[in-house]
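Chain residues, written in single-letter form:
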Amino acid sequence: MEIPVYLFSGFMDSGKTSLIKETLIEENFGEGAKTLLIACEDGEVEYDEAELAKANTKLVMIEEEEEFTEEKLKELDNQYKPDQVFIEYNGTWEMATLMEMNLPKGWMIVQALATVDATTFDMYLANMRAMIMEQIFQADVVIINRCDDNTPKGKFRRAIKVINRKAQIAYERADGTVDNGEMEELPYDLNQDIIDITDMDYGIWYMDALDDPRKYEGKKVRFLALVYRPEKLKKGVFVPGRFAMTCCAEDITFVGFKCKYDKASEIPHKSWITITAEMHTEFAIEYKGKGPVLYTLDVQPAEKPEDELVYFN
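Since we're looking at a predicted model, the values are computed, not measured.

(A) Region of interest: the nonpolar core. Ranked by size, the top nonpolar core spans 33 residues in total, and within it Trp205, Phe223, Phe257 and Ile275 carry the most contacts. Elements with a contribution of two residues or more to this core: strand E8 (195-197), helix H8 (202-211), strand E9 (220-228), strand E10 (237-245), strand E13 (272-284) and strand E14 (289-301). Per element, the largest residue contribution to this core is 6 residues, and it comes from H8. Once you skip the residues sitting within four places of it in the chain, Ile275 turns out to touch Val221, Arg222, Phe223, Ala225, Phe238, Pro240, Cys259, Thr296, Asp298 and Val299. Membership of the second largest hydrophobic core comes to 21 residues, among which are Val5, Leu36, Met95 and Met101.

(B) Layout of the pairing of strand E5 (residues 107-117). In this structure, strand E1 (residues 3-9) lies alongside E5, joined through 7 bridges in parallel fashion. Looking at E5, one finds that Ser9 is bridged to Ala114.

(C) Representation of empty space enclosed by the protein in the model. Summed over all chains, the structure comprises 1 cavity of 30 Å³ or more. Roughly 60 Å³ of volume is contained in the largest cavity. Phe11, Thr115, Val116, Asp117 and Ile132 are the residues nearest the centre of the largest cavity, which is lined by 13 residues in total. Elements represented by at least two residues in the lining of the largest cavity include exactly E5, helix H5 (121-127) and helix H6 (129-137). Looking at which element gives the most residues to the lining of the largest cavity, the answer is E5, with 4 residues. Split by residue class, the lining of the largest cavity holds 7 nonpolar, 5 polar and 1 charged.

(D) Quick look at a negative patch on the surface. There is a patch of like negative charges on the surface, built from Glu22, Glu26, Glu27, Asp48, Glu49 and Glu51. Every element with two or more residues in the negative patch is listed here: helix H1 (16-26) and helix H2 (49-54). Along the polypeptide, Glu51 turns up in helix H2. Assessed through its relative accessible area of 33%, Glu51 is described here as partly exposed.

(E) Seen up close, the packing of aromatic side chains. Considering all chains together, one arrives at 16 aromatic pairs under this definition. For the ring pair Phe11 and Tyr124, a centre distance of 4.3 Å and an interplane angle of 25° mean the geometry is stacked. Of the two residues, Phe11 is situated in the loop between E1 and H1 and Tyr124 in helix H5; the sequence distance between them amounts to 113 residues. Classification of Phe11 as buried rests on a relative accessible area of 6%. Among the residues examined, Tyr124 registers a relative accessible area of 18% and is labelled buried. When the ring of Phe68 is compared with that of Tyr89, the centres are 5.6 Å apart and the planes differ by 75°; the resulting orientation is edge-to-face. With a gap of 21 residues between them, Phe68 in the loop between strand E3 (57-61) and helix H3 (70-80) and Tyr89 in the loop between strand E4 (84-88) and helix H4 (95-99) connect regions that are remote in the sequence. When sorted by exposure, Phe68 lands in the same class as Tyr89, which is buried. Among the aromatic residues, those joined into a cluster by ring pairs are Tyr202, Trp205, Tyr206, Phe223 and Phe257.

(F) Just the layout of surface pockets, in detail. Of the voids in this model, the largest pocket is the one considered here, and its volume is about 620 Å³. Surrounding the largest pocket, 23 residues form its lining, Arg165, Tyr206, Leu210, Glu286 and Tyr287 being those nearest its centre. Elements that contribute at least two residues to the lining of the largest pocket include exactly H8, E10 and strand E11 (253-256). For the lining of the largest pocket, the element with the highest residue contribution is E11, accounting for 4 residues.

(G) Quick look at the sheet that holds E1. Pairing is parallel in the open sheet, where 7 strands are placed in the order E3-E2-E4-E1-E5-E6-E7. The strands lining the two open edges of the sheet, one partner per strand, are E3 and strand E7 (168-173). Across the sheet, the mean angle from the axis of one strand to that of its neighbour is 20°, orientation sign disregarded. Of the pairings in the sheet, the one linking E5 to strand E6 (residues 141-147) comprises 5 bridges and is parallel in character. From the neighbouring strand, Asp117 faces E6, where its bridge partner is Asn145.

Conventions adopted
Residues numbered from 1 in each chain as written. Predicted model: local features only at pLDDT ≥ 70, side-chain atom pairs only at ≥ 80, totals over all residues. Heavy atoms only, no water. Core = buried A, V, L, I, M, F, W, Y, C linked by side-chain atoms within 4.5 Å. Buried < 20%, exposed > 50% of the residue type's maximum accessible area, 1.4 Å probe, protein only. Helix = DSSP H or I, 4+ residues; strand = E, 2+ residues; numbered from the N terminus. Contact = heavy atoms within 4.5 Å. Pairing = 2+ DSSP bridges. 1 Å grid on protein atoms, 1.4 Å probe; cavity = no way out; pocket = protein on both sides within 12 Å on 5 of 7 lines; lining within 4 Å. Points joined across faces, edges and corners; volume = space filled by probe spheres on them. Nonpolar A, V, L, I, M, F, W, Y, C, P; charged D, E, K, R; others polar. Patch = residues over 30% accessible without salt bridge, like charges linked within 9 Å, V, L, I, M, F, W, Y side chains within 5 Å. Areas by Shrake-Rupley, 256 points an atom, 1.4 Å probe, with all protein chains shown as cover. Salt bridge = Lys/Arg side-chain N within 4 Å of Asp/Glu carboxyl O. Lys, Arg positive; Asp, Glu negative; His and termini not counted. Charge placed at Lys NZ, Arg CZ, Asp CG, Glu CD. Phe/Tyr/Trp six-rings, centres within 6.5 Å; stacked < 30°, edge-to-face > 60°. Axes fitted to C-alpha atoms, helices over the stretch in contact; angles between N-to-C directions.

Structure below.
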């Protein structure tokens, strides 16, 4: 029998415990199913075991990483025989410890949620980026809580999407209500005959097009690009893109969209071009699904810019 496992990750005081309490107690998730709740850290918000008992939930604390083992989880499975499992994972532990583990028979992680405190996210991105990105990389849903009118939601969304394109992102205000406020306005006009994408706007365009490719269906864009055309690419295909930095030097990566052009073989690999192309949404194996595909309208040689990097912030 399959036993669903729900994984909650995030740094201490990012809202994991509150989310679990809301899910199990207020929303009666599982409708009384026998739940095993494994908590791996003790934050400001505490569990009320009497309330958990009403939700048919048993709480087990594992506060040392070396105690979080396959043997321990099998022991808990035998002892409690749960119908479902909630794991509140310690934000400072390596995700690989859990993700590479052989879980007890029947246990299957069906959803991974990561909580982020909007008031400290910038600090963690700057100082503990590898650790927080590891959590976000595994998440199906990222909940950014404690938002207010000044929260840079667009910046946070880009930082998350460049690591985990398919993650759903939800925003909550400090009072727990869903923040449906408008995202930042796009810095270019989608109604222009040709949308000129500047170096400054490249990161915003790239992430917005990945997030909502239908918005760009049939739109014509023009931008400065570095050509990626290794021999393994199919004939008539290349990738115009840019090296982008999301936060620090360790995060530099090449980002670009698949581009179709019958004269692609004539464009030198790693050359600079100004490209004008029409955007369409298509299935592409490179995206493992549907995504933006460019159709070349014009290519002109270009000079290498003084700053080769573009930025997602």
